[in-house]
Amino acid sequence: MRLVALSRQAKRAGLATGISLADARARIPDLWVEEMDHIADAALLDAVADDCDRVTPIVMADAPDGLTLDITGCDHLFGGEAQLRLGLSRRLRRAGLHTRTVIAGAPDTARALARFGQVAIVPPGAEAAAVRTLPIAALGLAEKDRVAISRAGLKTIGALADRPSQLFASRFGEEMTHRLRRLQGHAPAPLTPRRPIPMLWLERRFAEPIGRSEHVEAALSELAQEACARLGERREGGRLFEACFFRADGAVRRILVETGRPMRDPAIVLRLFRERLDSLADPIDPGFGFDFIRLSLLATETLASLQSSLDGRAAEEDQVADLADRLSTRFGAGRVLRFAPENTHDPARAARAVPVSFNPMTSAVWPAPAQGEPPLRPTQIFDPPQPIHIRLVEVPDGPPRRFSWRKKEFDVRRAEGPERIAPEWWRASDAGSHTIGRDYYRIEDVEGRRFWLFRAGDYTTDASPVWYLHGVFA
Amino acid sequence: MRLERGSSPVADARFSIGSSAIDAVLGGGLVRGALHEVFAEGMAHEPAAAAFAIVLALRASGAKPIVWVRQDFVGLEMGEIYAPGLAELGLSPDRLIMVRARDGPSVLRAGEEAARCPPLGAVLIEPWGNPKTLDLVATRRLALAAARSNLPVLMVRAGGTPTPSAAASRWSVRSAPSCQLSGRQMEADAPGHPCFIADLLRDRAGAAGRGWTVEWNRDRLAFTDIHSTGISGNSAALPGDLVPIAAGGQDHPADANRSGKHRRAG
């Protein structure tokens, strides 16, 4: 067992990561050791990242122990970069976390300086100079490459930067020179935020935490009005709204609301939020109150102008869409569905239930039933099909004359079939099935109940093929 | 809104079921802005009851959207809704919004929310069994919402027993043996068009106690009358006594007054 993380006191006592536990115990007998818990560490990083969301919605996790915040355009809200850095460090220290925070013009520069450097804030344009004294490890290369560079006598980033980059590119690959350029702030670094970057966001900070639900709702209402006004300027409507409630003690709760069409009516947005808050299984607990609330728009679409209310038909369609949104918000998008046709002859796949707001972009249309034909497909279908016991059947390919299902006997009066439906062998899920196809029968029993049965296999190759009930007709 | 659409409230008051025999007894059809209950004669006839409710919704709704709120357990027990089958009853699946509700209270809640949306054509509510929350008050709320929106709310009560309710009509439906198909190429004894035996157990206007055998014709979106009876022994199979609506109406004087002249129903 080896040491992987140390407290400040342990470092001061001369311990370092990587030495074995037996060694460390020999040096300091009353050393306090805990087993490494990666899951708890990840959870802690997640919680800290959530709390940092109050600074900016663009937070990147730098596992296992770092966070990168894009504070472009945010620092003035906190009274400048120095104030922002100080406030954040203080807040985290109050939570019992020691952190090193660096502000720089490029994410890689800040990340490397926080881990290896001494600088707090890098002035704009000075990134290349700031990283010169950092050790090679700041590049984050593979261990063998780092050792190889060290063996060449190059100890610092500055030494590396002074030499022509082609040398390293041919020896260590293009990746290394990219890293170096990103570290120096010369090349743009890709951003991979842990949460989607909102199209638009509005925030409310409170001097005193608010806890009463009517205050929260009032704040949300103001935010919704502002957001909708901004959307109006942009000639857009929101599809996905997210409200983040930041509790004073660091806990964050997010509430998501989706609409089926672009929307910028604050009253409707607020009603959806109220519906959602109302239906939460675990209601939002304000604890000691929220000191910060943000409303973000995660998805927007163009919405030229609000429909005129003179057009009765459009208004009615909107009312139905609003109803679908409210129901989806309350019961979950997976419970408010409509049917989309599929281009397939497999009856189990012919209709897909999709959330109302989801546009499946399918070219398929519902087949029009033939004039005068009785229904050939059931109104309700079992998934999986229900096994039945056959009492009496016309072999080899006739319909059953008597069968039992759910411990009840059914005498068949009318029957039609077989209708052979072959499996779709090109689908992975069907590829393994050995059946050559299913022979479907429409059956009516003496009482008038109508069923859709099928036989898997046939009587010529199988002495007793299995029968299933797949659906019921009206 | 109603005036804009150019139809008078009187014409809107009832919708024709599409069977001349039943419509004649009902006095032109069922009340549009009201709650109607459709029971199945035993769980095995749930598909018939659900289809009968859909067919009523089709008659009432023109081309407007239909919301169908269904408790999960019904789907597990009797099969999930199959859109191509609905198309073969005449309901284009594009018009349907399905709500899957976890339990009885959610069914009622979603149903009431939908019943408050006048642009819909009809609302179908399908709880399982007898939910505790489905009492006289709950049905009255639904009936009231239906009346305000002038929207038929059809409650399919498969696996349930009749309890006091504010429904304007109550049906018991079962599948009936289908009729011989004529002029068809395939086998002579193929199952035909959907046939129902529909017993009118209760009607606010007093037409209860009659039963009909009808066949649904998808192409005409109407019924063909097969047979008509006084209420048969079939309904005796239904457990539970019917309680007149007025029984629970005393503490709602306004409601009682409104329906006062129909008190003989029950």
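Residues numbered from 1 in each chain as written. Chains lettered and ligands numbered in written order. Predicted model: local features only at pLDDT ≥ 70, side-chain atom pairs only at ≥ 80, totals over all residues. Heavy atoms only, no water.

(A) Seen up close, the overall build of chain A. For chain A, the helix and strand inventory stands at 14 helices and 14 strands. Burial statistics for chain A: of 474 residues in total, 43% are counted as buried. Within chain A, contacts between residues separated by at least 24 positions form 53% of all contacts whose residues are at least 6 apart in sequence. (Helix = DSSP H or I, 4+ residues; strand = E, 2+ residues; numbered from the N terminus. Buried < 20%, exposed > 50% of the residue type's maximum accessible area, 1.4 Å probe, protein only. Contact = heavy atoms within 4.5 Å.)

(B) Seen up close, the pattern of salt bridges. Residue and element names in this part refer to chain A. Overall, the coordinates contain 58 salt bridges over all chains when judged by the stated rule. Here Arg 254 and Asp 50 are joined by a salt bridge, their closest N and O atoms 2.8 Å apart. Taken together, the positions of Arg 254 in strand β5 (residues 252-263) and Asp 50 in helix α3 (residues 38-52) put the pair 204 residues apart, joining distant regions of the chain. With a shortest N-O distance of 2.7 Å, Asp 346 and Arg 349 are connected by a salt bridge. Among the charged side chains, a salt-bridge network with shared partners connects Asp 62, Asp 65, Asp 108, Arg 111, Arg 115 and Arg 182. (Salt bridge = Lys/Arg side-chain N within 4 Å of Asp/Glu carboxyl O.)

(C) Local environment of the interface of chain B and chain A. Between chain B and chain A, the residue contacts involve 66 residues of the former and 54 residues of the latter. Taken together, chain B and chain A are joined by 6 salt bridges. Linking chain B to chain A there are 24 residue pairs in polar contact (both at pLDDT 80 or more). A per-class count over the side of chain B that touches chain A returns 39 nonpolar, 9 polar and 18 charged. Bridge count for strand β7 (residues 336-341) of chain A against strand β6 (residues 96-101) of chain B is 2 bridges, and the pairing is antiparallel. Looking at β6(B), one finds that Leu337(A) is bridged to Met98(B). (Polar contact = N/O pair within 3.5 Å; in protein donor to acceptor, adjacent residues only side chain to side chain. Nonpolar A, V, L, I, M, F, W, Y, C, P; charged D, E, K, R; others polar. Pairing = 2+ DSSP bridges.)

(D) View of the side chain of Thr379(A). Among the structural elements, Thr379(A) can be located in the loop between β8 (351-355) and β9 (380-393). Owing to a relative accessible area of 6%, Thr379(A) belongs among the buried residues under this scheme. When neighbours within four sequence positions are excluded, Thr379(A) is seen to be in contact with Val472(A), Phe473(A), Ala474(A), Glu80(B), Ile81(B), Tyr82(B), Gly85(B) and Leu89(B).

(E) View of the environment of Ala224(A). Residues and elements named next belong to chain A. Structurally, Ala 224 can be placed in helix α11 (residues 213-233). Taking the C-alpha atoms as reference points, Ala 224 and Arg 264, 40 residues apart in sequence, are found 8.7 Å from one another. Excluding residues within four positions of it along the chain, Ala 224 makes contact with Pro 266 and Leu 295.

(F) Looking closely at the confidence of the model for chain B. All names here are of chain B. Per-residue confidence for chain B averages 81 on the pLDDT scale, and 80% of its residues sit at or above 70. When the criterion is pLDDT under 50, residues 1-11 qualifies, and its contacts beyond four places in sequence or with other chains add up to 10 contacts. pLDDT under 50 marks residues 232-266. Its contacts with residues more than four places away, or in other chains, come to 43 contacts. (pLDDT = per-residue confidence, 0-100.)

(G) Highlighting helix α3 (residues 46-61) of chain B. Relative to the 22 Å expected for 16 residues at 1.5 Å per residue, α3(B) spans 22 Å between its end C-alpha atoms, a close match to the ideal helical length. For α3(B), the buried fraction is high: 15 of the 16 residues fall into the buried class. (Expected span 1.5 Å × (residues − 1).)

(H) Layout of the environment of Arg438(A). All names here are of chain A. Relative to the assigned elements, Arg 438 resides in strand β12 (residues 438-445). Assessed through its relative accessible area of 28%, Arg 438 is described here as partly exposed. Through-space distance from the C-alpha of Arg 438 to that of Asp 458 is 8.9 Å; in sequence the pair is 20 residues apart. Reaching out from Arg 438, the side chain makes a polar contact with the side chain of Tyr 440 at a distance of 3.2 Å.

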